[in-house]
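# Summary of the model geometry
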Amino acid sequence: DFEKIGDAIGRPIGNVEKLSFLVNEFAEKKGHKFTEKEEEKAESERLKILIDKLDTKKDQDQIAALMELKALADLREFAKASIDLGRRLKYVRGLLTDDVDKRDEFKLKEGEKELYPAAKELYEEAKKSAKEDKKKAEAVFRQIGIYLAEALASAHESFGMDNVVLFGRVVAGDAASVVIPEAERILKDEYGLNIHIDRAEGKGKHGDLITRVGQGIGMAYYIANYVAKLKSGSKIVTSSIKKQVPVTKDWRLKEPVTLAEGSIEQVRDYLNQLADRGGQDQRAEIDRKRAENIVTAYNEALTGARARFEHLKDTQPKIRLVVGNPNLADFEAGTLVIDYDSLISRPLTRLEFDEEFYHFARETDPTRGPPSTGEKALIELLTDYEKVISFHNLSKEEQADYLAAVLKDSDIDTQRFYMVLAKSYWDPRLFESVLTILRNTYQVQEEKLTELKNLQRHKKDRFELVFE
């Protein structure tokens with residue numbers, strides 16, 4: 001009650017007043033001068049000295065004001081005991097030991113003779129509740145382990161990791177002994193994953209520091225990897241289908257993450273290994289399907305490109321499988337880059353490969369020089385037109401599979417190329433057959449099917465469509 005304290009001192013006070021100044025000011029007003037020994041005492045004890053000097057009958061208002069100050073002093077001292085001195089109690093992990101004498105919050109700074117009075121009281125209380133404190137702290141860190149397991153299971157779908165190393169204060173001290181076993185248990189029991197989790201640790205007296213600030217090692221690795229990618233060559237061409245890149249606040253993923261690179265067989269094997277690590281769950285089956293899709297689509301597209309372009313007869317480009325690419329497919333320095341998300345549909349992957357092989361053929365044509373800016377724009381239009389033609393060369397089942405993939409995941413086709421495809425249907429019976437498959441086999445929402453119907457009513461010449 002700042003008003004009550006102000007009345008007792010004789011002036012208004014605010015919540016930014018320094019407590020020691022208020023105590024000394026009140027003492028001076030009452031004509032009391034603290035002795036040297038009293039000056040060494042904490043504010044709470046000095047206030048008690050002043051209270052003891054007052055008359056309990058005549059000075060009730062002043063005693064009440066001093067009691068307000070003493071309550072504030074006790075709170076401040078508790079804060080010093082629990083936070084300021086070595087950040088005591090700031091980290092729940094300090095409660096993980098039921099040996100109170102080993103808890104950081106009760107350890108004295110060098111040169112201190114004794115704990116603050118509030119800390120002494122806290123210490124005695126902690127002795128009584130040590131086992132209960134440990135139980136509560138363990139519950140907190142077990143929950144962290146559960147969340148960690150959920151995050152790793154999700155990341156495993158893309159990265160297929162077998163080992164994870166943890167850094168940071170949250171797993172320093174005894175915390176890792178609770179977090180890691182719980183996370184590994186959840187991963188195994190609920191996700192069927194055998195992922196080994198470890199904690200980065202250093203040796204010697206500064207070993208714990210490596211755990212606490214080890215993110216710096218990860219940062220250095222990330223920068224080195226980024227610089228290496230910059231030196232690997234610039235992009236040549238891109239797919240007409242744009243993909244949504246993850247965005248967090250004002251940060252954007254500027255570089256895709258490579259999952260696997262090599263021959264088509266090596267990339268296939270990576271996807272199968274990813275599926276094997278996932279066991280028999282639905283995600284594992286999807287990865288096995290992705291492995292089949294990429295091999296079939298690549299071989300079909302390569303066969304078509306070799307038949308069409310003489311200089312590609314002995315060509316077999318490497319594959320780089322990535323996540324976080326702004327396009328479903330690119331060609332970079334002679335390597336075909338394909339986004340993991342596109343592999344959900346074989347027809348989608350096939351048409352992406354067809355387009356990129358066309359770009360590759362034009363870029364590597366020995367009878368022609370590099371295309372000009374105008375030629376590149378024309379090539380983009382021609383490849384879009386060819387993609388429309390290739391789409392209509394698919395069976396109605398394959399067309400439905402393609403459309404279902406881009407309609408169900410709006411992040412895949414942010415430029416809405418599917419709208420061009422819908423307007424390119426001239427046969428209404430074929431179009432209705434495709435809609436029926438989308439509805440019955442892929443359970444596409446009626447709202448999306450209505451959108452397709454409305455688009456088809458505005459059908460246009462296929463070559464004209466690519467200029468929209």
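Residues numbered from 1 in each chain as written. Predicted model: local features only at pLDDT ≥ 70, side-chain atom pairs only at ≥ 80, totals over all residues. Heavy atoms only, no water.

## Points about the overall build of the protein chain
- Along the backbone of the protein chain there are 18 helices and nine strands.
- Counting the 468 residues in the protein chain, one finds 43% classified as buried.
- Of the contacts formed within the protein chain by residues at least 6 apart in sequence, a portion of 66% connects residues at least 24 apart.
- Summed over its atoms, the accessible surface of the protein chain is roughly 26,100 Å², and 51% of this surface lies on carbon and sulfur atoms. (Helix = DSSP H or I, 4+ residues; strand = E, 2+ residues; numbered from the N terminus. Buried < 20%, exposed > 50% of the residue type's maximum accessible area, 1.4 Å probe, protein only. Contact = heavy atoms within 4.5 Å. Areas by Shrake-Rupley, 256 points an atom, 1.4 Å probe, with all protein chains shown as cover.)

## A word on helix 12 (residues 346-363)
- Under the 1.5 Å per step criterion, the end-to-end length of helix 12 is 25 Å for 18 residues, consistent within 8% with the ideal 26 Å.
- In terms of burial, helix 12 is a largely internal element, 15 of the 18 residues being buried.
- Capping the start of helix 12, Ser345 holds a side-chain oxygen 3.3 Å from the backbone nitrogen of Leu348, two or three residues further along. (Expected span 1.5 Å × (residues − 1). Polar contact = N/O pair within 3.5 Å; in protein donor to acceptor, adjacent residues only side chain to side chain.)

## Describing the packing of helix 14 (residues 396-408) against helix 16 (residues 428-440)
- Contact pair helix 14 / helix 16: the axes reach a minimum separation of 9 Å and the direction vectors enclose 55°. Overall, the two elements helix 14 and helix 16 adopt an arrangement that is oblique. Seen from above, helix 14 lies across helix 16 with right-handed handedness. Between helix 14, through Lys396, Glu397, Gln399, Ala400, Leu403, Ala404 and Leu407, and helix 16, the contact on the second element is made entirely by Leu430, Ser433, Val434, Ile437 and Leu438. (Axes fitted to C-alpha atoms, helices over the stretch in contact; angles between N-to-C directions. Parallel < 35°, antiparallel > 145°, perpendicular 65-115°, else oblique. Left-handed = near helix turned anticlockwise from the far one by under 90°.)

## Quick look at the packing of aromatic side chains
- Taken as a whole and judged by the stated rule, the model has six aromatic pairs.
- Note on Tyr298 and Phe357: the rings are 6.0 Å apart at their centroids and 55° apart in plane angle, and the pair reads as tilted. A residue pair is termed long-range when its members are at least 10 positions apart, and Tyr298 in helix 11 (residues 282-308) and Phe357 in helix 12 qualify at 59 residues.
- Assessed through its relative accessible area of 0%, Tyr298 is described here as buried.
- With relative accessibility at 2%, the residue Phe357 sits in the buried group.
- When the centroid spacing of 6.0 Å and the interplanar angle of 90° are considered together, the rings of Phe391 and Tyr425 count as edge-to-face. (Phe/Tyr/Trp six-rings, centres within 6.5 Å; stacked < 30°, edge-to-face > 60°.)

## Describing unusual backbone geometry
- Phi at Gln443 is positive, roughly 50°, even though this residue is not glycine.
- By the element assignment, Gln443 lies in the loop between helix 16 and helix 17 (446-456).

## Considerations on the pairing of strand 2 (residues 196-199)
- Residues Ile197 and Arg199 point to one face of strand 2 and are all buried, whereas His196 and Asp198, pointing to the other face, are not buried.
- Summarising the sheet, strand 1 (residues 163-166) and strand 2 pair through four bridges and their orientation is parallel. Of the residues in strand 2, the one forming a bridge with Val164 is Ile197.
- Once the chain exits strand 1 it traverses helix 7 (residues 176-191) before rejoining the sheet at strand 2, and the crossover so formed is right-handed. (Pairing = 2+ DSSP bridges. Right-handed = clockwise from strand over helix to strand, strands pointing away.)

## Description of the environment of Glu398
- Considering the arrangement of structural elements, one finds Glu398 in helix 14.
- For Glu398, a relative accessible area of 23% puts it in the partly exposed group.
- Residues Glu398 and Val434 lie 36 residues apart in sequence; the distance between their C-alpha atoms is 9.1 Å.
- Leaving out residues up to four positions away in the same chain, Glu398 has contacts with Arg346 and Pro347.

## Describing the nonpolar core
- Among the nonpolar cores identified, the biggest contains 32 residues, and Leu271, Ile294, Tyr298, Ile319, Leu321, Ile338 and Phe353 are the most heavily contacted of them.
- Taken together, the elements giving at least two residues each to this core come down to strand 6 (257-262), helix 10 (264-277), helix 11, strand 7 (318-323), strand 8 (329-332), strand 9 (335-339) and helix 12.
- It is helix 11 that contributes the most residues to this core, eight residues altogether.
- In this structure, Ile319 is in contact with Ala260, Glu261, Gly262, Ile264, Val267, Ile294, Tyr298, Thr335, Leu336, Ile338 and Phe353, ignoring residues within four places of it in sequence.
- Counting 29 residues, the second-largest nonpolar core is a separate cluster that includes Leu351, Leu394, Ala400 and Tyr418. (Core = buried A, V, L, I, M, F, W, Y, C linked by side-chain atoms within 4.5 Å.)

## Comments concerning the side chain of Asn327
- Secondary-structure assignment places Asn327 in the loop between strand 7 and strand 8.
- Judged by its relative accessible area of 4%, Asn327 is buried.
- Only 3.3 Å separates the side chain of Asn327 from the side chain of Asp330, close enough to count as a polar contact.

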